Amino acid sequence: MASVRPCVSVKPAVRPVRYRSTRAGPAGLGRLRVCSCSLALGGDGGCTRSSGRSVDVSGAGLGLLGGDGLRIHRRGGREVLAMCSASFDGVRPAAVASAVQPVPAFPERAKVVSLVAAIMLLCNADRVVMSVAVVPFAAQYGWSSSFVGIVQSSFLWGYVLSSMVGGALADKYGGKKVMAGAAALWSLATILTPWAASRSTIMLLAVRALFGLAEGVAFPTMSTFLPKWFPTHERATAVAISMGGFHLGNVISFLATPIIMSHIGLSGTFAFFASLGYLWLSVWMMNVESDPIDSHTISKSELQLILDGRIGSKVQGSKFPSLRELFSKTQFLAVTLANVVNNWGYFVLLSWMPVYFNTVYNINLKQAAWFSAIPWAVMAMSGYVAGASADFLIKSGFSIGLVRKIMQSIGFMGPCVSLLCLRFAQTPSVAAVLMTIALSLCSFSQAGYMCNIQDIAPKYAGSLHGLTNGIGTVAAIVSTIGIGYFVQWLGSFQAFLTLTAALYFSATIFYNVYATGDLIFD
């Protein structure tokens, strides 16, 4: 890094920078020896001078020259590159060598959100492998439907614990390290799952709990990570893209798992998905930082855009609020209840959809996977529509609280009505359409309660998301096990789906009455 030392100057000018070029004009710029000195007119006479260093400058990078930036002219037959930030209006930041870097093909935050979306895809894909594989597992080991529910829920036992601490870990150690460690651990547990199933049911449940322990970190870490990289008016879109990857994990795994399983068996299928996690890990560690301030590849203009729109950076808090203080706020309770109901319904559909189509419509596993995959594909696209729409409404002047309530109402009432209509479906195609509608509209919750936690407590977004998600995971455990017992006792899915629809309706009313977009915890 270039060294910086103070200097004193009385001349309201900037020392020019000399360089050699093989061609005339900006297009011919090659390696430059860059230094700068700037003076704010009317200031205290102080300035900074950066010792020279070489940087690459392309013609495209100099397309932005003009105004107060860089100037190229000739002096005594030599071309001169001058940097000037002096102004008669006051002080402007001095241009530095990093400002002369080539303009990247796409913003750094686009690379970041792409990698977050990729790991969220693998996070869900690794879950769904078990949702599909549980059918041959049950046939091989003679599991009852109630025990299948226990196996499906076992990963949530560890998930509920790590969800509560994942955000705090990310807040303390940085999202990069925590997400990397989580991905490495759940990929290992994925590899071990078939081996554990062949040993004993206790070993299987332990490995699946370890799997959940690692995956529980992903969502709260994402909630800590994304607000650091995206300004407020882009945040819902960033969450939507990341969650789009998560939902596509369902699609890919539901469709690919039966095919891969038929070629390389159960153990090979789990190993295949785990290897993708380690491949992602190698890319993540070399290309991402927890905070854009620490990035060596981000442009100055992009960094300024992020910092200007980062609410959390402007909030100065004293200490984490107590549990009593948290749960005394109905605004926080609204977010928590929304998380509970969302997890309840989501895991019912995630864990039991292949079994539902196989049991109710008597279709084989590959067909069940296809019918199960279609809704998640649409959900990934509708989630992006929800995020972009929410950001558009906020930029158009709608209050943040109103936008969150609109999105959350769609996210709950859509699946509520769809699940009630499911009892009238006579064919698997009609059922798939209703499931698709339910899940596609459910994705609007991403721009509702999921972003709302960042509105009311930006400083503690990761920790509070982990807390609410942990509580929601308890509800997911109850619903995942509960539907198994309902099917075993009543021989029907419909009663439990009706109960889920009632919960969606009640939570919608509570959220609209008590939720807010205002800062609650600072």
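Residues numbered from 1 in each chain as written. Predicted model: local features only at pLDDT ≥ 70, side-chain atom pairs only at ≥ 80, totals over all residues. Heavy atoms only, no water.

A. Spatial organisation of the overall build of the protein. Across its full length, the protein carries 16 helices and six strands. Residues classed as buried in the protein amount to 55% of the 522 residues present. Here the analysis covers contacts within the protein between residues at least 6 apart in sequence; of these, 79% occur between residues at least 24 apart. Roughly 22,000 Å² of accessible area belongs to the protein as shown, and the carbon and sulfur atoms make up 64% of that amount. (Helix = DSSP H or I, 4+ residues; strand = E, 2+ residues; numbered from the N terminus. Buried < 20%, exposed > 50% of the residue type's maximum accessible area, 1.4 Å probe, protein only. Contact = heavy atoms within 4.5 Å. Areas by Shrake-Rupley, 256 points an atom, 1.4 Å probe, with all protein chains shown as cover.)

B. Highlighting a nonpolar patch on the surface. On the surface, a cluster of nonpolar side chains totalling about 350 Å² of accessible area is made up of Met 164, Val 165, Leu 169 and Tyr 173. With respect to the element layout, Tyr 173 can be found in helix H2 (residues 145-173). For Tyr 173, a relative accessible area of 49% translates into the label partly exposed. (Patch = residues over 30% accessible without salt bridge, like charges linked within 9 Å, V, L, I, M, F, W, Y side chains within 5 Å. Salt bridge = Lys/Arg side-chain N within 4 Å of Asp/Glu carboxyl O.)

C. Layout of the side chain of Thr 508. Within the fold, Thr 508 resides in helix H16 (residues 494-514). Beyond its immediate stretch of four places on either side in the chain, Thr 508 contacts Ser 409, Phe 412 and Met 413.

D. Here's a closer look at the confidence of the model for the protein. Taken residue by residue, the protein gives an average pLDDT of 77. The fraction at 70 or more is 76%. Taken element by element, the predicted model of the protein shows its lowest mean pLDDT in strand S3 (residues 31-39) (38) and its highest in helix H12 (residues 400-421) (94). Here residues 1-103 is a poorly scored stretch, pLDDT under 50, and it has 163 contacts once near neighbours within four places are set aside; other chains count. Low pLDDT, under 50, characterises residues 312-317; the stretch is placed with 11 contacts to residues that sit more than four places away or in other chains. (pLDDT = per-residue confidence, 0-100.)

E. View of the nonpolar core. Residues Trp 143, Trp 186, Leu 226, Trp 280, Trp 284 and Phe 357 are the most contacted members of the largest nonpolar core, which totals 130 residues. Among the elements that line this core, the one with the most residues is helix H1 (residues 108-141), at 18 residues. When residues of this core are sorted by domain, at least three fall in each of domain 1 (107-312) and domain 2 (323-521). Not counting chain neighbours up to four residues away, the residues in contact with Trp 143 comprise Val 134, Phe 137, Ala 138, Val 148, Val 151, Thr 201 and Leu 204. (Core = buried A, V, L, I, M, F, W, Y, C linked by side-chain atoms within 4.5 Å. Domains from an automatic or database assignment.)

F. Just H16, in detail. Its 21 residues give H16 an end-to-end C-alpha distance of 31 Å, which sits within 8% of 30 Å, the value for a rise of 1.5 Å per residue. Residues Gln 494, Phe 496, Leu 497, Thr 500, Ala 501, Tyr 504, Ala 507, Thr 508 and Tyr 511 constitute the buried set of H16. The buried residues of H16 occupy one face: seen down the axis, they fall within an arc of 155 degrees. (Expected span 1.5 Å × (residues − 1). Arc of directions from axis to C-beta.)

G. Inspection of the pattern of salt bridges at higher detail. Tallied over the full model, the rule gives six salt bridges. With a shortest N-O distance of 2.6 Å, Lys 111 and Glu 108 are connected by a salt bridge. One end of the pair is Lys 111 and the other is Glu 108, both in helix H1 and three residues apart, which spans about a single turn. Side by side, Lys 111 and Glu 108 carry an identical accessibility label, which is buried. One salt bridge in this structure joins Glu 215 and Arg 127, with 2.6 Å as the shortest N-O distance. In this pair, Glu 215 is assigned in helix H4 (residues 201-215) and Arg 127 in helix H1, connecting sequence segments 88 residues apart. Among the charged side chains, a network of salt bridges with common partners joins Arg 109, Glu 234 and Glu 302.

H. Expanded view of helix H6 (residues 235-287). With 53 residues, H6 should cover 78 Å at 1.5 Å per step; its first-to-last C-alpha distance of 21 Å lies more than 12% under that length. Along H6, the sharpest change in direction is near 120 degrees and occurs at Ile 264. (Bend = angle between axes of the 7 residues up to and from the residue.)

I. Geometry of the packing of H2 against H4. Packing of H2 against H4 leaves a shortest axis separation of 6 Å and a crossing angle of 40 degrees. It follows that H2 is oblique to H4 by the angle criterion. At the point where H2 passes H4, the crossing takes the right-handed sense. Contacts between H2 and H4 involve Phe 147, Ile 150, Val 151, Ser 154, Phe 155, Trp 157, Gly 158, Tyr 159, Leu 161 and Ser 162 from the former and Thr 201, Leu 204, Leu 205, Arg 208, Ala 209, Phe 211, Gly 212, Leu 213 and Glu 215 from the latter. Class assignment for the residues of the contact of H2 with H4 results in 12 nonpolar, five polar and two charged. (Axes fitted to C-alpha atoms, helices over the stretch in contact; angles between N-to-C directions. Parallel < 35°, antiparallel > 145°, perpendicular 65-115°, else oblique. Left-handed = near helix turned anticlockwise from the far one by under 90°. Nonpolar A, V, L, I, M, F, W, Y, C, P; charged D, E, K, R; others polar.)

J. A look at the packing of H1 against H6. Where H1 contacts H6, the two axes come as close as 3 Å, and the packing angle between them is 25 degrees. On the basis of the axis angle, H1 is roughly parallel to H6. Considered class by class, the residues forming the contact of H1 with H6 number 33 nonpolar, 12 polar and four charged.

K. Structural detail: the packing of aromatic side chains. Summed over all chains, the structure comprises 17 aromatic pairs. Ring centres 5.8 Å apart and planes at 25 degrees place the aromatic pair Tyr 141 and Trp 143 in the stacked group. What makes Tyr 141 partly exposed here is its relative accessible area of 31%. A relative accessible area of 13% places Trp 143 in the buried class. Measuring from ring centre to ring centre gives 4.7 Å for Phe 510 and Tyr 514, while their planes differ by 45 degrees; the resulting arrangement is tilted. (Phe/Tyr/Trp six-rings, centres within 6.5 Å; stacked < 30°, edge-to-face > 60°.)

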